[in-house]
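A look at the structure
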Amino acid sequence: MRLKIIKLWVIIASLVFVSTEFLSALDFLTPFWIRLFWASVLGTALYGSFATKTQRTSLFTSFLAPVRTFRQLPRSYRILVVVSTIFVILPLFFLAIYAPPNNVDSINYHLTRVVCWLQNHNVKHYPTFHVQQLYHNVMSEYLLLHVLALSGTDYFLNLVQWSAMIGTVFGIGLISKELGFSLQNQVIVGVLQLSLPIGILEASTTQNDYVATFFFISFLYFGLKILDNFTWNNASWMILSLAWGGFTKYPIFFYAFPYCLWIGFQLLKKQGLKVTFSLFCAAFLCLILVFMPFFWRNYQLFNNILSPSFGHPLFVENIATERHGLLYPLSNAVKNTGLHLGLPNSAWNAQIDNLITHVHQLIGISINDSLISLDIYRTQFVIQEDMSGNFLMFISCILASIWLLFQKGHSKFKGILICTIIGFLIFCTAAKFQLWSSRTHMPLFAQGVILVGLFLSKLPKNRKVSISFLFVLAALPYVINNFNKPLIPIRYASKYLLGYIPRHLCVSIEDQESSYQNVLGTAYDFEKREPCFPLKANPTYSERRDIVAKLGDLGYYQKENEHIFKHSREHYFFITDKEYPSTYSEFTALAKLIPQATQTVGLLFNKKLGFYHYWSILNRQLPSTWEMKYVLCHKEYLALPNASRIFAYEYVFCDDERLIDKYMSKDDIAAIYRTKSLVLLHLKRPSSKYYFITQ
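The structure reproduced in this document is the subject of the present report. (Residues numbered from 1 in each chain as written. Predicted model: local features only at pLDDT ≥ 70, side-chain atom pairs only at ≥ 80, totals over all residues. Heavy atoms only, no water.)

1. Focus on the overall build of the protein
Of the regular secondary structure elements, the protein holds 26 helices and 9 strands. Computed over its C-alpha atoms, the radius of gyration of the protein comes to 26 Å, within 12% of the 26 Å expected for a compact globule of 695 residues. Principal axes of the C-alpha set define a box for the protein whose edges measure 80 × 65 × 50 Å. Taking as baseline every contact in the protein between residues at least 6 positions apart, the subset at least 24 positions apart corresponds to 78%. Between the mean site of the 60 positive side-chain charges and the mean site of the 40 negative ones, the protein shows a separation of 14 Å. (Helix = DSSP H or I, 4+ residues; strand = E, 2+ residues; numbered from the N terminus. Rg over C-alpha atoms; globule rule 2.2 N^0.38 Å. Contact = heavy atoms within 4.5 Å. Lys, Arg positive; Asp, Glu negative; His and termini not counted. Charge placed at Lys NZ, Arg CZ, Asp CG, Glu CD.)

The following block contains the structure:
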């Protein structure tokens, strides 16, 4: 059953890709044609499944298999599965449906690009204020596109990542089975993967890291299969999994590269040059076919198949490292390791900071060298979808790896360990350090879970089951205390209980000049901005609790007492905004001023990047054919076919009133409605004009 689910995932991804690119080429990428495509696929699949009595019996037997397997488990393992399901899987399923897709990246590009594709009826590049919407990998968004088009609602979008989490757990179980684990130990490994903190947080979002991790684990499973017994069937599944993983997120290629070498050398030795070369050619051809349309779109706009290069008018970032040598990957490796060492204890985190700083002093490299780092390093503990660490699992992986090195045999496990280390070093060599890189470490931890599972398999049954329960218990705060979608409002209380204060106080200048400096001037150094205000010293426990209380009185922890049942679902689209909750009430007040017959709304943005949350709310009150698009962009976009599509907007949302004076004529404006953060313009007549960004 697990294998069928994994193959089904890969098949669905393949169908999504082919149909998306085909319909896009014809400008038919609309909900109608997507639904028609899947209706034909479903009809064909049902006919094939129920065509004969034997097939119907086989299908029924497949559904009963998990139940029989569950009954075979000892009682303590069944309890472990039930507890994991009740306290992790089901709450995350609920959150995935009930909570809106409100992650910052989801708003800025994951979902905004999906809306733009549906409006344009294709996935070709389009005028945008946020160029990352165009060149960041797209496989996960293709899946989101089909879910949105089929359902007509965003209630099911988060389920893509939730399903990827389940698929990854199944994949890890299959890998452990392939490596000789018993059924009980397969359960242990699955629970370990399920309890990964950053994975839990990602499972109810529309980001793409769990989707990428699933395809990587699928690639690894089929790769390990052909190490022992090469078949073109398993090789085909391996190639497709690698293609979809890389098409979701480029770092998958970093982690997969050492396995490709391992598999290649083993095949060369066992199968000969002909088979090995044929497999390489098949994989290369598959990657070319998958990436070619996407690369071509990039090249047409950026003159580069990946992204705008430095010097191009649309250049905004360079994620690749710009210094090379033995010590620079070491620097990034140390900092990436530090992302998983944070605890809810300021003194501990300060010690880790000092340690990592000392290591950089020893190797003679600046810790925040901009040529190998995008962010300023700091050790932190957060329960948040973008940058949470995996302390317990990280320590377990290190201990299991050290233990493995002193064991005889276990050649495949040692091969996995070596490939994991090499993949991590490639990642640290190729990509600049970023504070949110713990998300891109998920494939590393998926491999590490296998090693921890091997270590636990050598322990007595009661002990390894108890340790598994410990991992589930440690995972619960990440289930119920996700900053973007908290189930229970305990964040402030837990910080007060632990005396956990921010080592760097980040507040606006207005707040700094008024109350914050007066109340906390003895604790924080307001003369320094790094970019936030650092602690002057390490306060005692009682002093830290006093600081937490003062911060609470100042409103610093306003969001810490939120829970998803407190307000409406759409309210929590705005929880990550700096001015929350006022931004929600401001937008909804302006939205009510837009007549229900309105067909077009333009966006004149200077600070905000994505608009999915605005679109989702307005989509409930405007006609199904309405559109929302950027009207401020770089002139280079005008060469795109999508820029010539007729878009005559009647209203304009603006986040900086200076843009109105800079770009628009007052004679064209019928009315202006203002709030603190947004401006709504009603035009006298529809306009199809684009405004070009100037320096």
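2. Regarding the state of the cysteines
Using the criterion set out here, one finds 1 disulfide in the structure. Shown here is the disulfide that connects Cys506 with Cys532, its sulfur atoms set 1.8 Å apart. Note on the Cys506 and Cys532 pair: the S-S dihedral is about 100 degrees, so by sign convention the disulfide is right-handed. Pair noted here: Cys506 is in the loop between strand E1 (504-505) and helix H22 (509-520) and Cys532 is in the loop between H22 and strand E2 (533-534), with a separation of 26 residues, a long-range link. Free cysteine: Cys633, not disulfide-bonded; nearest cysteine sulfur from Cys116 at 12 Å. Judged by relative accessible area, which is 0%, Cys633 ranks as buried. (Disulfide = S-S within 2.5 Å. Buried < 20%, exposed > 50% of the residue type's maximum accessible area, 1.4 Å probe, protein only.)

3. Topic: the nonpolar core
Among the nonpolar cores identified, the biggest contains 195 residues, and Phe611, Met628 and Phe653 are the most heavily contacted of them. A total of 14 residues in this core trace back to one element, the largest contributor, which is helix H11 (residues 209-228). Not counting chain neighbours up to four residues away, the residues in contact with Met628 comprise Gln119, Val601, Leu603, Phe611, Tyr614, Trp615, Leu618, Phe647 and Phe653. Counting 14 residues, the second-largest nonpolar core is a separate cluster that includes Ile501, Tyr516, Tyr524 and Ile547. (Core = buried A, V, L, I, M, F, W, Y, C linked by side-chain atoms within 4.5 Å.)

4. As for the packing of helix H13 (residues 251-270) against helix H14 (residues 273-302)
Two numbers describe how H13 lies on H14: the axes approach to 8 Å, and their chain directions differ by 155 degrees. Considering their axes alone, H13 and H14 lie roughly antiparallel with respect to each other. By crossing handedness, the relation of H13 to H14 is classed as right-handed. Contacts from Phe253, Gly264, Leu267 and Leu268 in H13 reach Leu273, Thr276, Leu279, Leu287 and Phe291 in H14. When grouped by side-chain class, the residues that make up the contact of H13 with H14 number 7 nonpolar, 2 polar and no charged. (Axes fitted to C-alpha atoms, helices over the stretch in contact; angles between N-to-C directions. Parallel < 35°, antiparallel > 145°, perpendicular 65-115°, else oblique. Left-handed = near helix turned anticlockwise from the far one by under 90°. Nonpolar A, V, L, I, M, F, W, Y, C, P; charged D, E, K, R; others polar.)

5. Regarding unusual backbone geometry
For the peptide bond that leads from Tyr580 to Pro581, omega is 10 degrees, which places it in the cis range. Assignment of secondary structure puts Pro581 in the loop between helix H23 (541-553) and helix H24 (582-591). If you check the backbone angles, Asn303 has positive phi at about 60 degrees while not being a glycine. Mapped onto the elements, Asn303 comes out in the loop between H14 and helix H15 (327-338). Accessibility expressed as a relative area gives 58% for Asn303, which makes it exposed.

6. Concerning the pairing of strand E7 (residues 669-674)
Direction of pairing for E7 relative to strand E8 (residues 679-687): antiparallel, over a ladder of 5 bridges. When the sheet's bridge partners are listed, Tyr673 is paired in E8 with Leu680. Where E7 folds back onto E8 in an antiparallel hairpin, the turn is made up of 4 residues. (Pairing = 2+ DSSP bridges.)

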